[in-house]
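Observations on the model geometry
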Amino acid sequence: MKTEQKILITATVPVLKENGVLLTKYFYNRMFTHHPELRNMFNMGNQQSGKQQTALAMAVLAYAEHIADPTVLIPVVDRIGQKHISLDIRPEHYIIVGRHLIASIQEVLGDAASPEIVDAWTAAYNQLAALMSGHEANLYEQQTNRTNGWTGWRPFKVGKKMLESAEITSFYLYPADGGKVTPHQPGQFISVRLFLPQLNLKQARQYSVSSAPGNEYYRISVKKEKGTNLDTDGMISNRLHDFINENDIVDLTAPAGNFTLAPDIDAPVTLISGGVGITPLLSMLNSLVESDYSHPITWLHGCRDESVHAFRNQLNDIVKTKTNVQQHVFYNQATDENKDAGVLEGFLDINKVPSLNLRPDAHYFICGPSVFIQKQYHDLVDAGVNKQHIYFEEFGPQLLSLN
Ligand SMILES: Cc1cc2nc3c(=O)[nH]c(=O)nc-3n(C[C@H](O)[C@H](O)[C@H](O)COP(=O)(O)OP(=O)(O)OC[C@H]3O[C@@H](n4cnc5c(N)ncnc54)[C@H](O)[C@@H]3O)c2cc1C
Ligand code: HEM
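Quick summary incoming for the structure in this document. (Residues numbered from 1 in each chain as written. Chains lettered and ligands numbered in written order. Predicted model: local features only at pLDDT ≥ 70, side-chain atom pairs only at ≥ 80, totals over all residues. Heavy atoms only, no water.)

For the rest of this paragraph, the subject is unusual backbone geometry. The phi dihedral of Asp 88 is positive, around 60 degrees, even though this residue is not glycine. The exposure class assigned to Asp 88 is buried, which follows from its relative accessible area of 17%. For Asn 247, which is not a glycine, the phi torsion comes out positive at approximately 80 degrees. Mapped onto the elements, Asn 247 comes out in the loop between α7 (235-243) and β6 (249-252). (Buried < 20%, exposed > 50% of the residue type's maximum accessible area, 1.4 Å probe, protein only. Helix = DSSP H or I, 4+ residues; strand = E, 2+ residues; numbered from the N terminus.)

Set out below in structure tokens:
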């Protein structure tokens, strides 16, 4: 890109800040009108709530702000790339997005979009697209090179469906082609794609693998997302719970994501989950337990009450047999019987755990709703934990930036 084009891009940042979400909404409408098939690829739930627009707008803005040195964006590019590869997004899609994004800038800005501004944004988009699709090509290559690796959508059969709590059900997914699964890194997710008759579209969602690596299947554990009325029930989670049964086929992409336990981790580990955020952490815990990990492991979990406390017996068994694993559970509503069993009442609060040892060398993994992550993160930092040792995963477009 030419220097004067970079200056023009930097000058557009305030306009983008004002109109970023409006522009991306306009862009999505335009793109879906010309390419209705892409509705199968995007999460139509996020489109309605505006979350995806915010995520894309923020990414474009972050890029514009760092146009002088886009390499600082590598962690963001990796995070988005992990989501993109789990949805089988390929270089040809970038061409379509680019065409409609540039046309949208022209149409939204009207006369304010001089040919120079349009040229500068075209050059900027092409640069960003090359950076992103180049990184994603590397990620696809890594997936292919793994043992039994693959990329793209692959049919899996539901081998077992099992209730874990009043609202969480596990699905054991085996390759329908008779092949093997590629081992995931504990903490990674897969995308599941189903046909939704109410939309007449295929839709994909991400689910963390809740089992440890080394099995012949991936287990996912899905919370049935209830809305305030039937129209607002979560589409894929309810379809999975109510209509997908043993022997049914669903499409999956290979494990992706960088919220993972490093294979060579050699330090105490603290796992903090809220509600269904338990899933990636359970995979981490199971894999540590299976490898007879010698460092202390602390398991902190919070949920509404006993009826929605998934994997309770499994966790209790681990704590009974492994002396290095400690467990602290919070229920919003705890009965006397729960309290006698050691459950603490209220929202999970590390400051209310008697004699909790927040080791400075420990690694902390948090997963749960956004407010939960923020609270745990700030409490840990206030207690003196090094920010570099705190990792978290949001179950939706990543909007939090805490580090
Ligand atoms: C990396 C990652 C890992 C994940 N791992 C897991 C996991 O292990 N287990 C798990 O259960 N989930 C997990 N999720 C979340 C999962 O991907 C889905 O987002 C979740 O299942 C909801 O999808 P849905 O199709 O059922 O809901 P959607 O149809 O996408 O709706 C999303 C939410 O919006 C609500 N809603 C819909 N319409 C309206 C409206 N008009 N007004 C207000 N609210 C509305 C729904 O009730 C629902 O709660 C993960 C997400 C990510 C990104
Ligand atoms: C420069 C170009 C692009 C940018 C800046 C961008 C940015 C983003 C961001 C920030 C997210 C959210 C990531 C998260 O969940 O944390 C995302 C997700 C996504 N992107 Fe892109 N993206 C680009 C190109 C594309 C292309 C070419 C496609 C395919 C046509 C695409 C399809 C998607 C889909 C389907 C999701 C997930 C949507 C959802 O869950 O609602 N993106 N992208």
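Pairing within the open sheet is antiparallel, and its six strands lie in the order β4-β3-β6-β1-β2-β5. Across the chains shown, the open sheet's two edge strands, defined by having one partner strand only, are β4 (201-208) and β5 (218-223). Here the strands of the sheet are splayed against their neighbours by 40 degrees on average, with no regard to which way each runs. With four bridges connecting them, strand β1 (residues 154-163) and β6 associate as antiparallel partners. Each residue of the ladder has a partner; that of Arg 154, found in β6, is Leu 252. (Pairing = 2+ DSSP bridges. Axes fitted to C-alpha atoms, helices over the stretch in contact; angles between N-to-C directions.)

Within the open sheet, the six strands sit side by side as β10-β9-β8-β7-β11-β12. Their pairing is parallel. Strands at the two margins of the open sheet, each flanked by one partner only, are β10 (344-345) and β12 (390-393). Sheet topology places strand β7 (residues 269-274) next to strand β11 (residues 363-367); five bridges connect them, and they run parallel. Bridging across to β11, Leu 271 finds its partner in Phe 365. The strands that helix α8 (residues 278-290) touches are β7, β8 (297-303), β9 (325-331) and β11; relative to β7, the one it contacts most, it runs at about 150 degrees. Helix-sheet contacts for helix α11 (residues 370-382) involve β7, β11 and β12, and the interaxial angle to β11 is about 160 degrees. (Contact = heavy atoms within 4.5 Å.)

Let's shift gears to the coordination of the iron atom of ligand 2. No protein donor other than His 84 (NE2) coordinates the iron atom of ligand 2, and that contact is at 2.1 Å. Tracing the backbone shows His 84 in helix α4 (residues 74-85). (Donors = N, O, S within 2.8 Å, 3.2 Å for Na, K, Ca; no water.)

Within the element layout of this structure, Lys 25 appears in helix α1 (residues 3-34). Residues Lys 25 and Ala 262 lie 237 residues apart in sequence; the distance between their C-alpha atoms is 38 Å.

With their axes 8 Å apart at the nearest point, α1 and helix α5 (residues 91-109) run at an angle of 125 degrees to one another. Judged on the interaxial angle alone, α5 and α1 are oblique. Considering how the two elements wind past one another, α1 and α5 form a crossing that is right-handed. Of the residues in α5, those touching α1 at Val 15, Leu 22, Leu 23, Tyr 26, Phe 27, Arg 30, Met 31 and His 34 are Ile 96, Val 97, His 100, Leu 101, Ala 103, Ser 104, Ile 105, Glu 107, Val 108 and Leu 109. (Parallel < 35°, antiparallel > 145°, perpendicular 65-115°, else oblique. Left-handed = near helix turned anticlockwise from the far one by under 90°.)

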